[in-house]
Amino acid sequence: MADCISKAIQVHCCAQRPSFDQHKNLLLSSFQPLMGEVLKFPMKIQVSRAMIKKTSMDLLDVFTNSVFKFIDHPSLPSQSNFAPIEELGEAVCVGDIQGTIPNDFPEGVYVRNGPNPLFGGFKSTNSIFGKSSHIWVEGEGMLHALYLKKDSNGKWRVSYNNKHVETDTFKMEKQRNKPSFLPAIEGDSPAILSAYFLNLMRFGTVNKLLSNTSVFEHSGKFYAAAENHLPQEIDIQTLNTLGTWDVDESWNRPFTAHPKKAPSSGELVMMGVNAMKPFFEIGIIEADGSKLVHKSDLKFERCSLCHDIGVTMRYNVILDFPLTIDIKRLVNGGPLIKYERDGYARIGVMPRYGDADSVRWFEVESCCVFHIINTYEDGDEVIVHAFRANNSIIPGPDLGLNKFEWFSSRFKSTDSQESDTTFSSDESFFSRAYEWRLNMENREVKERYLSGTTHSMDFPMINENYLGLENKYGYAQTVDLDASSISGMAKYGGLVKLHLKDRRWSLMDEKQDYVEMEYHKFPENTFCSGAVFVPKPDGLEEDDGWVISFVHDEHLNISRVILVDAHKFTSEPVAVITLPYRVPYGFHGAFMPIIS
């Protein structure tokens, strides 16, 4: 990244923005008063290298603090449960349980990850170089864990704990006890480039190393992850961070938040995207987690912000869609991250241990996809089920637009009929279940919607025993469009069960059939995050099990965990566990069965 920045600053910014010469002059002129003070001191004092280093760091801090001023992101009342909370310090018992936790529910830990920014919330900066800010998916990771165990009498004992994921940069900033890392994702190009440089000089990295997106298990160990950094190993009982997992020093680049276990072999298939070449590399980790057994550069021509990867019995499934990271674009005055609506979109299918030359690419209609429901083989076809939208919720509006209005307008609901397959710009975040059928013999692509426009949905989950295999059911969180439009942030007001093998014809359009769906709607002003399907240990059917989720009642400001029987999906939860502390909205959850 340092080489990239060095090359980047040699290029002039676009019109109406400061050129690099102007940018350099600003830096030099800002340093001059500081250097004038330094030159007043006698220069013949012998000092140690450690003192020189400390003095240099102090000077950099003084310069940074004099040029960049941190300001709080504005927050609306409707965004109150996105606000961070403090760590508990230790687990607390939970006794308020309505209904009954089923006796055959597995003992284990339900854990969810999500952003929990230090020092009161997200920050922006003003500087002589312009403005820079975090985007809404950033923020230090915090794990929220519900422990469900039985005592010797078979009675359920429930406790709750939370804790930050302590990456190296978390420790650095925590030790300083104040905002220190300059936000460097969104804003004016000169400000972002200056933030890169100053972060790199002071901390050794241009951005914070966040692990705020997901939690996964491999070979009996547990990890928190986000694709900008390596996973952090977690003690699942205490939530303490044990250290960075670099797979015995064989993986030195970002690591996806959604690795997948290959059916039958148990190997962990993952990938890493980077802003510099190689843009996309795929890796396979031994089933016992001991070593990297395969690594390949797929020779991407751009940095696609790939968030998910698929596996089947024989193949890896790769998404290359037009949400891109481009430093050259940033240097020329554009956004670092951009959804290029007219860019190409393709899905790659590669043998498990393949390379760039072995990937079969299928051109598909341009769209935005973050999450795969499942992928599997059906004869000569590879089937991909995912959630598809016409626009990207990341990173947000281009420079100069009102961010709140931009987000809010794209969550607005309409009176469109269920048969509609096109949307105006004000519905561009509407996400629907979608199917691609990729024929490995004749290269034919068939694609179609699986769901209509009655609900926007995302954050898929399945019975993980069917990962990479043909499955009948998928589950997801459904967006409350009205609440999301008011807050300018996605809020999920219910759950959906998709019967992927059961089709029904639309009454409005005989040419289009969708899958059967069941809905579990929450009470008004109640929203969820981190929902997970928990299979019944001795279940015979794919949908034998429960969906568990954190929910928050915004009217009462109370957080709960609910258990919904997948066989009685539209019924009331079988158990509602009221938590003693607020749980902010977050991202992905997981259920980890724990055998004592």
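As the structure is a prediction and not an experimental result, all values here were calculated from the model.

Pairing is antiparallel across the open sheet formed by four strands, whose spatial order is β25-β26-β27-β28. Because the sheet does not close on itself, it has two edges, and the strands there are β25 (368-378) and β28 (445-449). Direction aside, the axes of adjacent strands within the sheet are offset by 20° on average. As paired strands, strand β26 (residues 381-389) and strand β27 (residues 432-439) are joined by eight bridges and run antiparallel to one another. Note on β27: the bridge partner recorded for Arg 388 is Arg 432.

According to the stated counting rule, one finds 26 salt bridges in the structure shown. One salt bridge connects Lys 260 with Asp 308, and the closest N-O pair in it is separated by 2.9 Å. Linking Lys 260 in strand β14 (residues 260-261) with Asp 308 in the loop between β18 (303-304) and β19 (310-311), this pair joins segments that are 48 residues apart in sequence. Of the two residues examined, Lys 260 and Asp 308, each falls in the buried class.

This chain's UniProt record puts "binding site: Fe cation" (unreviewed entry) on His 258, His 307, His 371 and His 588. Their sequence span is 331 residues, while the largest C-alpha to C-alpha distance among them is just 12.4 Å; these annotated residues converge on one region. Among the secondary structure elements, His 371 is positioned in strand β25. The contact partners of His 371, leaving out residues within four places of it in the chain, are His 258, His 307, Asp 308, Ala 386, Phe 387, Asp 458, Phe 459, Pro 460 and His 588. Its location among the elements puts His 588 in the loop between β36 (575-578) and β37 (589-593). With sequence-adjacent residues up to four places away left out, His 588 is seen in contact with Val 111, Arg 112, Asn 113, Thr 213, Ser 214, His 258, His 307, His 371, Phe 459 and Gly 530.

Time to look at unusual backbone geometry. Cis geometry marks the peptide bond from Lys 277 to Pro 278, where omega comes out at -5°. Take Pro 278: it is sitting in the loop between β15 (268-273) and β16 (280-285). The residue after Ile 394, namely Pro 395, is reached through a cis peptide bond having omega 5°. Looking at the secondary structure, you find Pro 395 in the loop between β26 and α7 (403-409). One non-glycine residue, Asn 177, adopts positive backbone phi at about 60°. Residue placement: Asn 177 occurs in the loop between α4 (168-176) and β9 (186-187). Residue classification places Asn 177 among the exposed residues on the basis of a relative accessible area of 60%.

Here we take up the side chain of Thr 478. Take Thr 478: it is sitting in strand β30 (residues 473-479). On the basis of relative accessibility, which here comes to 5%, the residue Thr 478 falls in the buried class. What Thr 478 contacts, discounting residues up to four positions off in sequence, is His 455, Ser 456, Met 457, Lys 491, Tyr 492, Gly 493, Gly 494, Leu 495, Val 496 and Tyr 519.

Burial along β36 is two-sided: the face carrying Ala 575 and Ile 577 and the face carrying Val 576 and Thr 578 are both buried. Where strand β3 (residues 97-99) lies against β36, three bridges are found, and the strand directions are antiparallel. Bridging across to β36, Gln 98 finds its partner in Val 576. Here strand β35 (residues 558-565) pairs with β36 via four bridges, running antiparallel.

Another point: the nonpolar core. Phe 280 and Leu 498 are the most contacted members of the largest nonpolar core, which has 88 residues in total. When residues in this core are grouped by element, the largest group, six residues, is from helix α5 (residues 189-203). Leu 498 has contacts with Phe 387, Ala 433, Met 457, Lys 472, Tyr 473, Gly 474, Tyr 475, Val 515, Glu 516 and Met 517, leaving out every residue within four places of it along the chain. Listed in part, the 23 residues of the second largest apolar core include Val 94, Met 142, Ala 575 and Val 583.

Each value, and the rule that gives it
Residues numbered from 1 in each chain as written. Predicted model: local features only at pLDDT ≥ 70, side-chain atom pairs only at ≥ 80, totals over all residues. Heavy atoms only, no water. Pairing = 2+ DSSP bridges. Helix = DSSP H or I, 4+ residues; strand = E, 2+ residues; numbered from the N terminus. Axes fitted to C-alpha atoms, helices over the stretch in contact; angles between N-to-C directions. Salt bridge = Lys/Arg side-chain N within 4 Å of Asp/Glu carboxyl O. Buried < 20%, exposed > 50% of the residue type's maximum accessible area, 1.4 Å probe, protein only. UniProt positions renumbered as here; feature names shortened; annotations may be inferred. Contact = heavy atoms within 4.5 Å. Core = buried A, V, L, I, M, F, W, Y, C linked by side-chain atoms within 4.5 Å.

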